[in-house]
Amino acid sequence: MEDLQQFKQTYFDESGEFLAVAEAGLLRLAPGNVDLDEVNAIFRAVHSIKGGGGAFGFSELVAFAHEFETVMDGVRSCTIAVTDALVNTLIRANDILAQLLAHARDGTKPELGFADPVVVALRHHAQTAADAVQESPAPSTPATNLPETVSRVVTVRFQPKADLLMTGNDPTFMLRALTHLGTAEIECDVGGLPTLAHLEPELLYLQWLVTLTTDASLVDIQDVFEFVSDDSLVEITEHSADGASPTASPSETDEAAGGAVTPGLAPATRTEATVATVAGAASPSQLALYEASAPALAAGDSKAAAGKSSTAGDGAHLNLGGHTIRVDLDKIDRLVNMVGEMVITQAMVAEHVRDLPPGQFQELLEGLEQLAQHTRELRESVMSIRAQPVSSVFSRMPRLVRELSSETGKDVVLITAGENTEVDKTVVENLVDPLTHMIRNSIDHGLEKPDDREAVGKPRTGTVHLSAQHRSGRIVIEVADDGRGIDRPKVLQTAIKRGLVQPGINLSDEEIDNLIFVPGFSTADKISNISGRGVGMDVVRRNVSNLGGRIGVYSAPGQGSRFVLSLPLTLAVLDGMVISVGLERFVLPLTNIVESLRPKATDLHGLVNRCDVMMARGEYVRLVYLHQLFGIPDAIVDATKGLVVLVETEDGGRLGLVVDEVLGQQQVVIKSLESNYRRLDGVAAATILGDGRVALILDVAGLQEMSQHARSPASRSVADAAIQLPAL
Amino acid sequence: MSKPSSLATIGSVRGDVVAAANTNEEQYVTFTVGNEEYGVNILSVREIRGWTPESRLPNLPDYVRGVINLRGIIIPIFDLRARFGGGTTEVTKRHVVVVVQVGERTRGILVDAISDILAISRDQIKSPPTMETGMVDSQYLSGLFTAENRMVTLLDVARLFAVETGDDEHSNQRALVN
Amino acid sequence: MEAVVKKKVLTVDDSRTMREMVAFTLKGAGYEVVEANDGQHALTVLGNDKVDLVIADLNMPIMDGLTLIRKLRATPQYRTTPILMLTTEADDKKKAEGRAAGATGWIVKPFDPSKLISVVQKVCG
């Protein structure tokens, strides 16, 4: 079995998938909602996990899986009724199976008896089935080779039933197997052959007598006929070592030869070849003859097929069902990185080309333009390979909701939308935690208990809406509930109590709502089992910002709350606009940019105590001076001499960023600033430009915040964590 | 064994590499900033390169010079002189950046020149006095070593820039207070 | 000494682990192996390729093992092709059902690689 150890990883991976399938199916299973196809899928999932587990010797896993499988078998054959109790037991059983798998994977031992209650429950359900519990799996007993070195002479008489060929059994292979066990003399008895007129080509009329001198045990010999001994005659007799072995009588041989008149008659031809076999393995030429002339065998066709067959290569798995191919994730990551570096190199080349004297090198320029185009397309294709729908994350939520619902005693229904929204795998992986906490928050703090809901005229069951969509180049995920909304007085009080806010300060509703994101905040009086466990929304906010994302909340008292999480579509590459401020260069995500323009003096307006404002496209837009925000010397301070880049913020507002110049547009590879340094305000990440120098990628929402601090230092402590949201 | 072979020495390396004769010894790369000589454990040194212009980072203390592109990854460059209050270094191409790795983080330290690679055994290292020694706050020191009449201040690289990168408890608390 | 042409085996199982283990074992013994992940898919593969042996799991989505066996037995080309069932237990009922459907024999999961090879040899050479 050592060879097969290499498949352990495959087994664990696949079992993980099976568990997910089973869980999804079990969560949908209910007394009134029994989909037999799904039940079968669940059965097969458990069955496969059990089967593979046996191959690697995970006996505890196999034993438990067997109990689980038994019940699933009963459900699918409708001998076990689907009740709520049954579904709960099955869900727990699936969990235990997952734990056993994890133990098997990690090589640890599970706690003694931890699965017992569930096993008892499973057996109880199994008892209710009409049939008795299935027999426990018999361990596969390999044929025992009794340590015998005694050579023995055994006579084997084999008279196959007439239609043996109909089940694909073929005496040739069995006889050959006998010859592998020792020295064999094979006689064919053709006495049963009818006349040609009565001969049915697909029936067997022959029987054989084999005299075998062998070291092998009787069990081994019996094994050769294991599939046919039920309905064919197999007589194995052991003789003493010196017993005379019957030899083929010449007369029989001649008869057989004579009988083989018509070619293409499979049995007859077989006779000829078999009789020719004397004392030993058949000679290859005779076997070839045998195989070539037997139309019932696929051998001849397989020769032809061999010429054009496509071998399943090692590594890639060919088309199985759908048009998909399984590829190592590492390979894709490497590919994405290489394409990323290619983007940088292409930018470098473009940069140098810019310095060439104009008018010449026309073809070179055109070629490079094409190259740039291809690089863009290549990048998009490669990124889309790694793009995954968020459903892989969303699918975990029903389970969470179900657990929270029972723990809190609240009725909750989860409605999801936009599961197919795709996002790069680098982002998907980071969605689980924030989503989990947002939903926990909604159910734990937002939704009221059924009685309370009824008292205010709401339906007893609370609703949590989970949705995902692309919006202005990002992915926006919302978790909305129809609960009681944020308890503002309580939140404010807690914030003051924890010294996060000065007492007496006047805060807007939105500012109060956002206090929950301030580090060190927690509204629970007692640490509730759920939300209090470890993380608060402030940690969520920090983790989300580390990814270049934002999280905010909108709340209407009595009606509900809405968490909005926005993340970049990929953490890898970006289409950006390169701008300069002083000697520094920055990159702005193209998706945020509305336009860039040079304002006239008449467009600019200054307001007392506030920063400049500009009139653009019919509305007033606040100006943000980057040189001021970033402390950059030698920059253009007069907006009319520089450029204003109009950007759109995530809440739909507009900002005007004052810069020196717009240098151009290019794709950039997003490099983390944080992995070796730290997060900076207003900075999303960094990139490497064509000349090899680093440029910071700006975060528009961060810039917005920074400019607000600059405006009103009095509210700095609150604004530290708050997002200024427009009124709902 | 340490990795002298991976050091792309551009600055001057005086003296021979002293082989670590026994396991009690550890190798240190030493360098100078002004008149002071410092050392860091060779195991944390990834490479040594000549200075290249950084891209500035906004709103940071003067000892954070900026970031550079190190073969595709972005690392911060800290000015050791400025870190210890000696003012910003006036860089030239002859200055040296010691690239160190601490845990998952890689960063560069700007120094004047590389001095030596010394094998120092534990018992040769004196613990730093608790009061400030010269320019250096003793919490960043892992010890002092005397070599041929000169004193080498051994730096604790992990601690040196932990505050800056938010790796220590202090920065977390500071965030709360604000 | 050996037949010039390798025998080709089709392994049908919805568990990728199982397919890979069977393929690995048999390829090591000199067989050519192709794979399908359910009965329906197996028919598609067989439509393009002739095989010397089919090894089928009984529990598969879309089309299970027994149905596949019956279908194959009803097809002229595969009426007498050896078909082995993969079962997880020595369940006599299943074996009988399999035989009735036309299966040539069976292999019990989890399988011993050498046993698998010997069974394959004795049904298709």
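The shown structure was predicted, so the numbers you read here are calculated from the model rather than taken from an experiment.

A few words now on the nonpolar core. With 109 residues, the main nonpolar core has Phe64 and Phe68 of chain A together with Leu10, Leu26 and Ile55 of chain C as its most contacted residues. A total of 10 residues in this core trace back to one element, the largest contributor, which is helix H4 (residues 84-106) of chain A. Residue assignment places this core across two domains, with domain 1 (2-128) and domain 2 (152-301) of chain A each supplying three or more. For phenylalanine 64 of chain A, the residues in contact, after removing those within four places along its chain, are Ala93, Ile96, Leu97, Leu100, Ala115, Val118, Val119 and Leu122 of chain A. Of all hydrophobic cores here, the second largest spans 64 residues; its members include Val343, Ile593, Val624 and Met706 of chain A.

On inspection of all chains with the given rule, the structure shows 13 aromatic pairs over all chains. Ring geometry for phenylalanine 517 of chain A against phenylalanine 563 of chain A: centres 6.4 Å apart, planes inclined by 85 degrees, an arrangement best described as edge-to-face. Separated by 46 residues along the polypeptide, phenylalanine 517 of chain A in the loop between helix H20 (509-513) and helix H21 (537-546) and phenylalanine 563 of chain A in strand E11 (residues 560-568) bring together distant segments of the chain. In this structure phenylalanine 517 of chain A comes out as buried when scored by relative accessible area, which is 1%. By relative accessible area, which is 3% here, phenylalanine 563 of chain A ends up buried. What links up through ring pairs into an aromatic cluster is the set Tyr11, Phe12, Phe56 and Phe58 of chain A. In this arrangement the basic side chain of lysine 50 of chain C is found over the ring face of tyrosine 78 of chain C, its NZ or CZ atom lying 4.9 Å from the centre. Against the face of phenylalanine 227 of chain A rests lysine 122 of chain C, its NZ or CZ located 5.4 Å from the ring centre.

All right, on to unusual backbone geometry then. Phi is positive for asparagine 59 of chain B, which is not a glycine, with a value near 55 degrees. Mapped onto the elements, asparagine 59 of chain B comes out in the loop between strand E3 (45-50) and strand E4 (64-70). Here asparagine 59 of chain B falls in the partly exposed class, since its relative accessible area comes to 48%. One non-glycine residue with positive phi stands out, namely isoleucine 62 of chain C, at about 65 degrees. You can see isoleucine 62 of chain C is positioned in the loop between strand E3 (53-57) and helix H3 (65-73).

Between chain B and chain A, the residue contacts involve 26 residues of the former and 28 residues of the latter. Across the chain B to chain A interface the summed buried area is about 2100 Å²; carbon plus sulfur atoms make up 52%. On inspection of chain B and its partner chain A, the count reaches 7 residue pairs in polar contact (both at pLDDT 80 or more). Elements that contribute at least two residues to the side of chain B that touches chain A include exactly E4, strand E5 (73-79) and strand E7 (105-111) of chain B.

Rules of the game
- Residues numbered from 1 in each chain as written.
- Chains lettered and ligands numbered in written order.
- Predicted model: local features only at pLDDT ≥ 70, side-chain atom pairs only at ≥ 80, totals over all residues.
- Heavy atoms only, no water.
- Core = buried A, V, L, I, M, F, W, Y, C linked by side-chain atoms within 4.5 Å.
- Buried < 20%, exposed > 50% of the residue type's maximum accessible area, 1.4 Å probe, protein only.
- Helix = DSSP H or I, 4+ residues; strand = E, 2+ residues; numbered from the N terminus.
- Domains from an automatic or database assignment.
- Contact = heavy atoms within 4.5 Å.
- Phe/Tyr/Trp six-rings, centres within 6.5 Å; stacked < 30°, edge-to-face > 60°.
- Lys NZ or Arg CZ within 6 Å of the ring centre and 35° of its normal.
- Buried area = accessible area lost by both parts, 1.4 Å probe.
- Polar contact = N/O pair within 3.5 Å; in protein donor to acceptor, adjacent residues only side chain to side chain.

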